[in-house]
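Now for the letters of each chain:
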Amino acid sequence: MRPDVLTLHRFYQTSMGQSASQLIHQSLAPLWSAPRTPLYGLGFALPYLELDKQSRPAQQEPEQIHSHFALMPAAQGVFHWPTMQESSTVLVDEFHLPVADSSVERLLMMHAIEHCDRPAHLFREIWRVLAPGGQVIVVAPNRRRTWSALDTTPFGHGQPYSRNQLSALMADQMLPPEKWDTALMIPPLFWPGTSGLMRVMEKGLHSLGKNMGGALVVSARKQVYGTLLEAKSKLRAKPALSGLPRDPASPARSHRQD
């Protein structure tokens, strides 16, 4: 069952949710190739859009501040954001996004792919809206870790993926992964002090193995040349030896033997 927007919002208001968003954001930041371009979030990406805004350089001019937009699926619901400003969120049909073709440079999929019943169609729609060379980062529950097995957090709902499964799915839709990482090394145990322990232990456990995290983080770029048809060799005309109808103007040959 897909968590609604209020359930997701309440989780990210908890100490564990805040720690999770910060740790995942730390994995996202090195993967972005153009961090100054507008960022679109599909699913429930509001905490990560907010962290991305806060990470901009302090000397950046107001007119140069990149915009952030949240595309929130109808089955999930919509939430007003930013709180004290004009809303930058919109309720969408995830298979028909209200975004022009080839117009998005950066897109973050958060709490999206694991709840989609047609993931290939969703990635094809992502391919449509991405600009040539545009980047998408997908965050999904890692099926090999306890975050996907416990339903006490939003990562325990929907269809989890392994790295190979997610990479193959994206590559089939002309979004070949180029980088990947994981986050959330500590299991989601709601014990006192767990959220602080998550921050302290994350880096050390990450050094033991990149695949230990409960959340997969996969980066890919829109592949344009993959849509071009392969050039076919020219067919040369060959004289037919038989089977052609006889020209009525040509004199008939007699096959009678004297």
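Residues numbered from 1 in each chain as written. Predicted model: local features only at pLDDT ≥ 70, side-chain atom pairs only at ≥ 80, totals over all residues. Heavy atoms only, no water.

1. What to know about the pattern of salt bridges
On inspection of all chains with the given rule, the structure shows five salt bridges. E94 is the partner of R2 in a salt bridge, and the nearest nitrogen-oxygen pair spans 3.7 Å. Taken together, the residues span a long stretch of sequence, with R2 in the segment before α1 (5-13) and E94 in the loop between β3 (89-92) and β4 (104-110) at a distance of 92 residues. One salt-bridge network, held together by shared partners, links D101, E125 and R128. (Salt bridge = Lys/Arg side-chain N within 4 Å of Asp/Glu carboxyl O. Helix = DSSP H or I, 4+ residues; strand = E, 2+ residues; numbered from the N terminus.)

2. Things to note about helix α4 (residues 119-129)
Those residues of α4 that sit buried are P119, L122, F123, E125, I126, W127 and V129. Buried residues belonging to α4 abut β1 (39-43), β4, β5 (130-141) and α5 (163-172). (Buried < 20%, exposed > 50% of the residue type's maximum accessible area, 1.4 Å probe, protein only. Contact = heavy atoms within 4.5 Å.)

3. Here's the deal with the side chain of Q223
For Q223, the location among the structural elements is in the segment after β7 (215-221). For Q223, a relative accessible area of 19% translates into the label buried. If near-sequence neighbours (up to four positions away) are discounted, Q223 is found in contact with W127, M174 and P176.

4. Quick notes on the packing of helix α2 (residues 15-28) against helix α6 (residues 194-208)
In a pair of packed helices, the angle between the axes and the distance between the axes together describe the arrangement. Running from amino to carboxyl end, α2 crosses α6 at an angle of 15°, the nearest separation of the two axes being 8 Å. Taken together, α2 and α6 sit at an angle that is classed as roughly parallel. Pair α2 / α6 crosses with right-handed handedness. Touching S15, M16, Q18, S19, A20, Q22 and L23 of α2 are T194, S195, M198, R199 and E202, all from α6. Looking at the contact of α2 with α6 residue by residue, the classes come out as four nonpolar, six polar and two charged. (Axes fitted to C-alpha atoms, helices over the stretch in contact; angles between N-to-C directions. Parallel < 35°, antiparallel > 145°, perpendicular 65-115°, else oblique. Left-handed = near helix turned anticlockwise from the far one by under 90°. Nonpolar A, V, L, I, M, F, W, Y, C, P; charged D, E, K, R; others polar.)

5. Observations concerning the environment of L28
Inspection of the secondary structure puts L28 in helix α2. Along the sequence, L28 and S219 sit 191 residues apart, while their C-alpha atoms lie 8.9 Å from each other. Residue contacts for L28: discarding those within four places in its chain leaves Y48, L108, I137, V139 and V217.

6. Digging into unusual backbone geometry
The general pattern is negative phi for most residues beyond glycine and trans for most peptide bonds. Here the amide bond leading from W81 into P82 is cis, since omega sits at -5°, within 30 degrees of zero. As for its placement among the helices and strands, P82 is situated in the loop between β2 (68-73) and β3. A positive phi is found at S102, a non-glycine position, where the angle reads about 50°. By the secondary structure assignment, S102 is in the loop between β3 and β4. Exposure remark for S102: the relative accessible area of 37% places this residue in the partly exposed category. The backbone of H111 shows a phi angle near 55°, a positive value even though the residue is not glycine. Among the secondary structure elements, H111 is positioned in the loop between β4 and α4. Look at H111 and you get buried, because its relative accessible area is 1%.

7. Regarding the sheet that holds β2
Pairing is mixed in the open sheet, where seven strands are placed in the order β3-β2-β1-β4-β5-β7-β6. Each of the sheet's edge strands pairs with one partner strand only, and the pair in question is β3 and β6 (177-183). Direction aside, the axes of adjacent strands within the sheet are offset by 20° on average. In this sheet, β2 lies alongside β1 in parallel orientation, the contact comprising four bridges. If you follow G41 over to β2, its bridge partner there is A70. (Pairing = 2+ DSSP bridges.)

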